[in-house]
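# Notes for the structure review
Take a look at the letters that make up each chain.
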Amino acid sequence: MKRTLVTLMMVTTFLVAGVYNAETGWNYKQTTFQCFYLFENLTIDGAPAEAEDVIGAFTSEGVCVGWIEVDPGGYTTVPTVGDDGSAYSGNYLNPGDFVTFRIFDGSSGSESTVATQDGVLPVVLA
């Protein structure tokens, strides 16, 4: 019985676990609706992004729906979450919503919003 209870607690914790970044304060909780965006060779003000930089995904209302630390010189895959009907996901992405990306420059401690969304498709949740 004790083993079952511990397993149930671990699964519950995993399912509603939040993902928090201490440098930016960005956080979100996992949902069953997910989408991923792939970026290659990210730059900040023309300079290559570094490992301490963070790229975040936000709704049009500014709600964080995903973030990841940059993979310098390679591909960075940004996870995003959508509204799956759970109590905490009501302000997350819905089918047809657009994502706004922000980059946190770890070396300067500043955040910027990407000016253009060229080439970024709307989130489609099926």
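Conventions we followed
Residues numbered from 1 in each chain as written. Predicted model: local features only at pLDDT ≥ 70, side-chain atom pairs only at ≥ 80, totals over all residues. Heavy atoms only, no water. Helix = DSSP H or I, 4+ residues; strand = E, 2+ residues; numbered from the N terminus. Contact = heavy atoms within 4.5 Å. Areas by Shrake-Rupley, 256 points an atom, 1.4 Å probe, with all protein chains shown as cover. Phe/Tyr/Trp six-rings, centres within 6.5 Å; stacked < 30°, edge-to-face > 60°. Buried < 20%, exposed > 50% of the residue type's maximum accessible area, 1.4 Å probe, protein only. Core = buried A, V, L, I, M, F, W, Y, C linked by side-chain atoms within 4.5 Å. Pairing = 2+ DSSP bridges. pLDDT = per-residue confidence, 0-100.

## Quick look at the overall build of the protein
- For the protein, the count of helices and strands is one helix and ten strands.
- Starting at the N terminus and walking to the C terminus, you meet the elements of the protein as α-β-β-β-β-β-β-β-β-β-β.
- Put simply, 60% of the contacts in the protein that link residues at least 6 apart link residues at least 24 apart.
- About 7700 Å² of surface is accessible on the protein, with carbon and sulfur atoms providing 59% of the total.

## Here's the deal with the packing of aromatic side chains
- If you walk through the whole model with that rule in mind, you get three aromatic pairs.
- An angle of 75° between the planes, with centres 5.2 Å apart, marks the rings of Y37 and F101 as edge-to-face. You can see Y37 sitting in strand β3 (residues 34-40) and its partner F101 sitting in strand β9 (residues 100-105), a full 64 residues away along the chain.
- Accessibility expressed as a relative area gives 10% for Y37, which makes it buried.

## Brief notes about unusual backbone geometry
- Phi at N41 is positive, roughly 50°, even though this residue is not glycine.
- Within the secondary structure, N41 sits in the loop between β3 and β4 (43-44).

## Topic: the nonpolar core
- Core analysis: the largest hydrophobic core is formed by 25 residues, its most contacted members being W26, F39, I55 and F101.
- Those elements that provide at least two residues to this core are β3, β6 (54-58), β7 (64-69), β8 (75-81) and β9.
- Counting residues per element, this core draws most heavily on β6, at four residues.
- Those residues within four positions of F39 in sequence are excluded, and the remaining contacts are I55, G74, Y75, T76, V78 and F101.

## Let's talk about the side chain of T76
- Its place among the elements puts T76 in strand β8.
- A relative accessible area of 2% places T76 in the buried class.

## Focus on the pairing of β3
- Only one face of β3 is covered, namely the one carrying C35, Y37 and F39; the face carrying Q34, F36, L38 and E40 has none of its residues buried.
- Bridge count between β3 and β8: seven bridges; the pairing is antiparallel. Considered in β8, the bridge of Y37 is made with V78.

## Regarding the confidence of the model for the protein
- For the protein, the mean per-residue pLDDT works out to 78, and 74% of the residues sit at or above 70.
- In the predicted structure, residues 5-14 sits below a pLDDT of 50 and forms zero contacts with residues beyond four places in sequence or in another chain.
- Every residue in residues 114-126 is under pLDDT 50, and counting partners more than four places away or in other chains gives 26 contacts.

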